[in-house]
Amino acid sequence: SIEAENDLSMTFRCDVKLKLIVVREGFSVAKRIETKACAADLVTEFDQRVEEILITKLKEKFPSHKFIGEESAAGGAKQPLTDDPTWIIDPIDGTTNFVHGFPFIAISVGLVIKKQAEIGVIYNPISENLYSAVKGKGAFKNGRPIQSSQQTELGLSQVSGEYGSSRDPQILQTKSENLRKIVERAHSVRAIGSAALNLCHVAEGSCDAYFEYGIHCWDIAAGDLIAREAGCFTSDPTGDPLDIMKRQILCTATKQLAMQLIPLLTHVDF
Ligand code: LIP
C-alpha cells in the first residue's frame, strides 16, 4: 500500500503531461464545456483526458484491478463497487472552479479493497498541495503529518457546505435552510466547490466540519480516508455509518461536533 501511495504521489508531482494538460493548457484558457446530468453539472475535455491518463497508468501497474471514474460513468460505463481492488477516480474535482479559473481544483484517487479505503491521494495542481493517506498510517500534506482541529463546539466552528449542481427548487430550498441553520450557530459557513478539498481542509484543521448531499463516490473516496487518518469523524449525515455509494457525507473534526450537526440537518434524497 505505502509503495503504491508513494508511486501515485510521485506521479502527481512529477508527471509533466498531467500538469501541462491541467494547469498550462487547461486552467487559464477558455474551455469547451459540456453539461452532464443538468445545466450546472459541467465537464471539459480536460476531465476526460486526465481520467484516461490515470486509468492507463494504473492499469499498467495493476492489470487485474477495477476502476470507477467520474467521466467513464458519465460515458455510460456500469461501475458497481465490488469487493475487488478498485481505484475510484475524480480527474478534476471542482470542474466548475476549473471552468471559471477559481483555484480550488483537485485530482482525487482512492483505492478501495473489500469496500474499505486503503489509499487516498488528492492533488491540487494549482497550489501544488498534495494530501495523502494509507490506512492505519496517518494523513499527510506535502509529506508532513496533518491533524483535525479537535474542535468540539459548533459555536466555534468553520463549516463547509455546498449547494451542488442540482437546481431542483425543493432540493435547493432544503440545502439553503441547512446552511442557514448552521451559519446562525457557527463562526462561518464556506462553499469552495470541491468535496475532495473540503475533506482535506477538515483533515488539516482549517475547517472544522463539512457536509454535502448529492456527491458521488469519486468526490469522497480518497478524502474520507485522508480525513479519518487525520483524526476526523466521518459518517452519513443521519449518523449512520458512511456508505460512499450513497451520495451524502458528514465529516467533522470530532464526534461531538457531528452530534451537534446531525439534528440540525434536513436530509435530501438523491
Ligand atoms: C463537485 C463536488 C462538489 C459539488 C459539485 C460537484 P465535480 O464535483 O466536488 O462538492 O458541490 O456539485 O459535484 O463534478 O467537480 O467532480
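Cut-off values and rules
- Residues numbered from 1 in each chain as written.
- Predicted model: local features only at pLDDT ≥ 70, side-chain atom pairs only at ≥ 80, totals over all residues.
- Buried ≥ 20, exposed ≤ 12 C-beta atoms within 10 Å, placed from the backbone.
- Helix = DSSP H or I, 4+ residues; strand = E, 2+ residues; numbered from the N terminus.
- Pairing = 2+ DSSP bridges.
- Core = buried A, V, L, I, M, F, W, Y, C linked by C-beta atoms within 7 Å.
- Domains from an automatic or database assignment.
- Contact = placed C-beta atoms within 7 Å.
- Axes fitted to C-alpha atoms, helices over the stretch in contact; angles between N-to-C directions.
- Near = placed C-beta within 6 Å.
- Nonpolar A, V, L, I, M, F, W, Y, C, P; charged D, E, K, R; others polar.
- UniProt positions renumbered as here; feature names shortened; annotations may be inferred.

Quick notes on the pairing of strand β14 (residues 248-252)
Along any regular strand the residues' side chains alternate between the sheet's two faces. The buried count for β14 comes to 5 of 5 residues, which makes it a mostly enclosed element. Burial along β14 is two-sided: Gln248, Leu250 and Thr252 facing one way and Ile249 and Cys251 facing the other are all buried. Relative to β14, strand β12 (residues 209-213) is paired through 5 bridges, and the arrangement is antiparallel. Paired with alanine 209 across the bridge in β14 is threonine 252. As defined by bridge partners, strand β13 (residues 233-235) adjoins β14 across 3 bridges and the pair is classed as antiparallel.

Description of the nonpolar core
Grouped together as the largest cluster of nonpolar side chains are 68 residues, with contacts concentrated most on Leu199, Val202, Ala203, Ala209 and Ile226. Considering each element in turn, this core owes the most residues, 8 residues, to helix α8 (residues 217-229). When residues are assigned to domains, this core turns out to be shared by domain 1 (2-145) and domain 2 (154-263), each giving three or more. Excluding its chain neighbours within four sequence positions, the residues that come into contact with alanine 209 are Ser157, Val159, Val202, Cys251, Thr252, Ala253, Leu257 and Leu261.

Regarding the sheet that holds β13
Consider a sheet: its strands pair through backbone hydrogen bonds, and that pairing is either parallel or antiparallel. Strands sit in the order β11-β10-β12-β14-β13 across an open sheet of 5 strands; the sheet is mixed. At either end of the open sheet lies a strand with only one pairing partner, and these are β11 (188-190) and β13. Here the strands of the sheet are splayed against their neighbours by 20° on average, with no regard to which way each runs. Across the sheet, helix α7 (residues 195-204) is in contact with β10 (158-161), β12 and β14; its angle to β12 comes to roughly 155°.

Comments concerning the domain arrangement of the protein chain
With domains assigned, the protein chain is organised as domain 1 (2-145) and domain 2 (154-263). Computed over C-alpha atoms, the centres of domain 1 and domain 2 are 20 Å apart. Contacts between the two partners involve 36 residues from domain 1, matched on the other side by 25 residues from domain 2. At the level of elements, β3 (66-69), β4 (86-93), α5 (95-100), β5 (106-113), β6 (116-124), β7 (129-134) and β8 (139-141) are the ones that each hand at least two residues to the side of domain 1 that touches domain 2.

Observations regarding the site of the ligand
What surrounds the ligand is a group of 14 residues, the closest being Thr95, Glu162, Gly164, Ser165 and Ala195. Among the residues making up the shell around the ligand, the classes are represented as 2 nonpolar, 6 polar and 6 charged. Both domain 1 (2-145) and domain 2 (154-263) contribute no fewer than three residues apiece to the shell around the ligand.

Brief notes about the UniProt feature "binding site: Mg(2+)" (unreviewed entry) in the protein chain
Annotation from UniProt places "binding site: Mg(2+)" (unreviewed entry) at Glu70, Asp90, Ile92, Asp93 and Asp219. With the annotated positions falling across 150 residues, the maximum pairwise C-alpha distance of 9.3 Å places them together in a single cluster. On the secondary structure map, isoleucine 92 appears in strand β4. When neighbours within four sequence positions are excluded, isoleucine 92 is seen to be in contact with Phe46, Asp47, Val50, Phe98, Ile105 and Ile107. Relative to the elements of secondary structure, aspartate 219 occurs in helix α8. Note on aspartate 219: 28 C-beta atoms within 10 Å, which makes it buried. Here aspartate 219 is in contact with Asp90, Asp93, Ala195 and Ala196, once residues within four sequence places are set aside.

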